[in-house]
Amino acid sequence: MTSLIKNTVINNKLPQILLSGFMISTASFYMTMATAAPIYKVVDEKTGQVTFTDRPQNHEQQVGRRVTEMAITTGNETNRSDNNTTSNQLSDTQQNTTKPVTNTKPEVQVNYQIAIAEPSEERAYRRPVQNIDINVQIKPALQAGDTISIYFDNKEVAQGLTASIATIDILPGAHSIKAVVKNQKGGVVQQVTRTVYVIQNTTALQNKKKIAKQLLAYQNLPWHQKVMLKMRQKQAANP
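Residues numbered from 1 in each chain as written. Predicted model: local features only at pLDDT ≥ 70, side-chain atom pairs only at ≥ 80, totals over all residues. Heavy atoms only, no water.

Participant: Looking at this structure, I do not really get a nonpolar patch on the surface. What am I missing?
Facilitator: Residues Trp223, Val227 and Met231 make up a contiguous nonpolar surface patch of about 370 Å² in total accessible area. When you line up the elements, Met231 lands in helix α5 (residues 223-237). (Patch = residues over 30% accessible without salt bridge, like charges linked within 9 Å, V, L, I, M, F, W, Y side chains within 5 Å. Areas by Shrake-Rupley, 256 points an atom, 1.4 Å probe, with all protein chains shown as cover. Salt bridge = Lys/Arg side-chain N within 4 Å of Asp/Glu carboxyl O. Helix = DSSP H or I, 4+ residues; strand = E, 2+ residues; numbered from the N terminus.)

Have a look at this one:
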């Protein structure tokens, strides 16, 4: 009789024992899952911004987002200080990745070779009948942002490789021609100079003075003499 009572008690408590064990196992399983929750790294491929999350499904459907699992797990109560350190490191990493990248590569300035092909060395020009034609050569070709200007007696007369200067208003003597290459900031990169001379055209000056003298003499003639002079000029032109 005693054995029958014991068996009955045991049989009645067996389901409760099994249920308690199942609940403990289930709780342990979820606690293990909680302490081993994975962290995911989300990278915006367009901007490079990095975000850490435990819900990758919120980002996987977004275009241009790359989601990867990190080998980082949350700690237990005894590792709270480690968790704080890890969180700070993740925050620092996220802030650093959002900083814009500055291109510190220095600009390389081209080494130009320039020459004044025209006028030739120490050439002389007769005033006022000749113009000073300038032709500059440069290698390699000008890069974007760089310019070249032509100066006559330190005064800019043209931008480019050619110029033509009339000598009628230039005084006789030595004069300087200069070609200057500048960068986009206005700094002088390369330059070359040439000296030319302007001389007075004596023959042209004498002819000009002779014509002026004849015109003055004609204006001083009496009117009847002017009429006779014009008639003689017509007869000479139509013999």
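Here the narrative resumes, following the displayed structure.
Participant: Mind showing me how you'd approach the packing of aromatic side chains here?
Facilitator: The description of an aromatic ring pair rests on the distance of the ring centres and on the angle between the ring planes. Under the definition given, this model contains zero aromatic pairs. Between Lys178 and the ring centre of Tyr151, over which it is positioned, the NZ or CZ distance is 5.7 Å. (Phe/Tyr/Trp six-rings, centres within 6.5 Å; stacked < 30°, edge-to-face > 60°. Lys NZ or Arg CZ within 6 Å of the ring centre and 35° of its normal.)

Participant: Whenever I open this one, the sheet that holds strand β10 (residues 173-182) confuses me. Can you help?
Facilitator: By definition, the strands of a sheet pair up through backbone hydrogen bonds, in either a parallel or an antiparallel sense. Within the open sheet, the five strands sit side by side as β5-β11-β10-β7-β8. Their pairing is mixed. Where the open sheet ends on each side, the last strands, each with one partner, are β5 (124-127) and β8 (155-159). Between one strand axis and the next, the sheet turns by 30° as a mean value, whatever way the strands run. As judged from the six bridges shared by strand β7 (residues 147-152) and β10, these two strands associate in the antiparallel manner. Pairing of Ile148 across the sheet is with Val181, part of β10. (Pairing = 2+ DSSP bridges. Axes fitted to C-alpha atoms, helices over the stretch in contact; angles between N-to-C directions.)

Participant: It is not clear to me how the nonpolar core should be interpreted in this structure. Could you clarify?
Facilitator: Nonpolar side chains in soluble globular proteins generally cluster together in the buried interior. Counting 21 residues, the largest nonpolar core has Ile132, Ile134, Phe152 and Ile177 as the members making the most contacts within it. Counting only elements with at least two residues in this core, the list comes to β4 (113-118), β6 (131-139), β7, β9 (162-166), β10 and β11 (188-200). Looking at which element gives the most residues to this core, the answer is β6, with four residues. Phe152 has contacts with Ile132, Val157, Ile165, Ile170, His175, Ser176, Ile177 and Val196, leaving out every residue within four places of it along the chain. (Core = buried A, V, L, I, M, F, W, Y, C linked by side-chain atoms within 4.5 Å. Buried < 20%, exposed > 50% of the residue type's maximum accessible area, 1.4 Å probe, protein only. Contact = heavy atoms within 4.5 Å.)

Read these as spatial facts, not as claims about activity.
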